[in-house]
Amino acid sequence: RKISHNLVSGELIKFGLVSALNQLKETINSTGKLNMQVLSFGMDERLDRSIEISLYRVVQELMNNILKHSKASEVTIQLNKVENNLNIVVEDNGIGFDHDAALQKNGMGLRNMETRIKQLKGSVVFDTGKGRGTTTIIDIPVE
């Protein structure tokens, strides 16, 4: 609940995406429900503020879904920036889900994430299946 109400963290505005994700990690880990790790490579400089906000909201939605539905005990978020590309990989050890069936339901989370990524001229892939966890791979161009 705290995660969903904290739409744009003050940490995000002041210190950037990696710092805000580390704060989110502390909040989630303190619940004892999930062990979250954040790893970042090549993220020495801040991204454009609007990109950081969009990506934070996407990761926030992923974390909400993981906490709500996945029954995962561990999640790892990796941010890899190489030249003008940012790759974000979110992996959990949960029960997985049927992507097509999830899109058919009335929940807007997946659609909102996909729309945000498209607005950033990026792509998102959900590698998942019943009983084998989920890996979400996001690629976006950055300057």
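How each quantity is defined
- Residues numbered from 1 in each chain as written.
- Predicted model: local features only at pLDDT ≥ 70, side-chain atom pairs only at ≥ 80, totals over all residues.
- Heavy atoms only, no water.
- Pairing = 2+ DSSP bridges.
- Helix = DSSP H or I, 4+ residues; strand = E, 2+ residues; numbered from the N terminus.
- Axes fitted to C-alpha atoms, helices over the stretch in contact; angles between N-to-C directions.
- Buried < 20%, exposed > 50% of the residue type's maximum accessible area, 1.4 Å probe, protein only.
- Core = buried A, V, L, I, M, F, W, Y, C linked by side-chain atoms within 4.5 Å.
- Contact = heavy atoms within 4.5 Å.
- Salt bridge = Lys/Arg side-chain N within 4 Å of Asp/Glu carboxyl O.

**Q** Tell me about the sheet that holds strand β2 (residues 74-82), and please be specific about residues and values.
**A** Sheet architecture is open: five strands sit in the order β1-β2-β3-β5-β4, paired in mixed fashion. Since the sheet does not close on itself, it has two edges, and those belong to β1 (35-41) and β4 (123-128), each with one partner. Taken over all neighbouring pairs, the strand axes of this sheet differ in orientation by 10° on average, direction set aside. Direction of pairing for strand β3 (residues 85-92) relative to strand β5 (residues 134-141): antiparallel, over a ladder of eight bridges. Residue Glu 91 lies in a different strand from β5, and its bridge partner there is Thr 135.

**Q** Break down the environment of Asn 64 for me, citing the residues and quoting the values.
**A** When you line up the elements, Asn 64 lands in helix α4 (residues 49-70). In this structure Asn 64 comes out as buried when scored by relative accessible area, which is 17%. Expressed as a C-alpha distance, the spacing of Asn 64 and Asp 139, which sit 75 residues apart in the sequence, is 20 Å.

**Q** Let's hear about the nonpolar core: which residues, and what values?
**A** Proteins that are soluble and globular tend to have nonpolar side chains buried together. The biggest cluster of nonpolar side chains holds 37 residues, and the ones touching the most others in it are Leu 55, Met 63, Leu 79, Leu 86 and Ile 140. Mapped onto this core, the elements with two or more residues apiece are α3 (17-31), β1, α4, β2, β3, α6 (109-119) and β5. Of all the elements, α4 adds the most residues to this core, at nine residues. Non-local contacts of Leu 55, meaning those with residues more than four positions away in its chain, are made with Leu 17, Leu 47, Leu 86, Ile 88, Ile 117, Leu 120 and Ile 140.

**Q** Describe the pattern of salt bridges, and please don't skip the residues or the numbers.
**A** All chains considered together, the criterion is met by three salt bridges. In this structure, Glu 26 and Lys 25 form a salt bridge, with 3.7 Å as the shortest nitrogen-oxygen distance. Glu 52 is paired through a salt bridge with Arg 46; the nearest N and O atoms lie 2.8 Å apart. Look at Arg 46 and you get partly exposed, because its relative accessible area is 41%.

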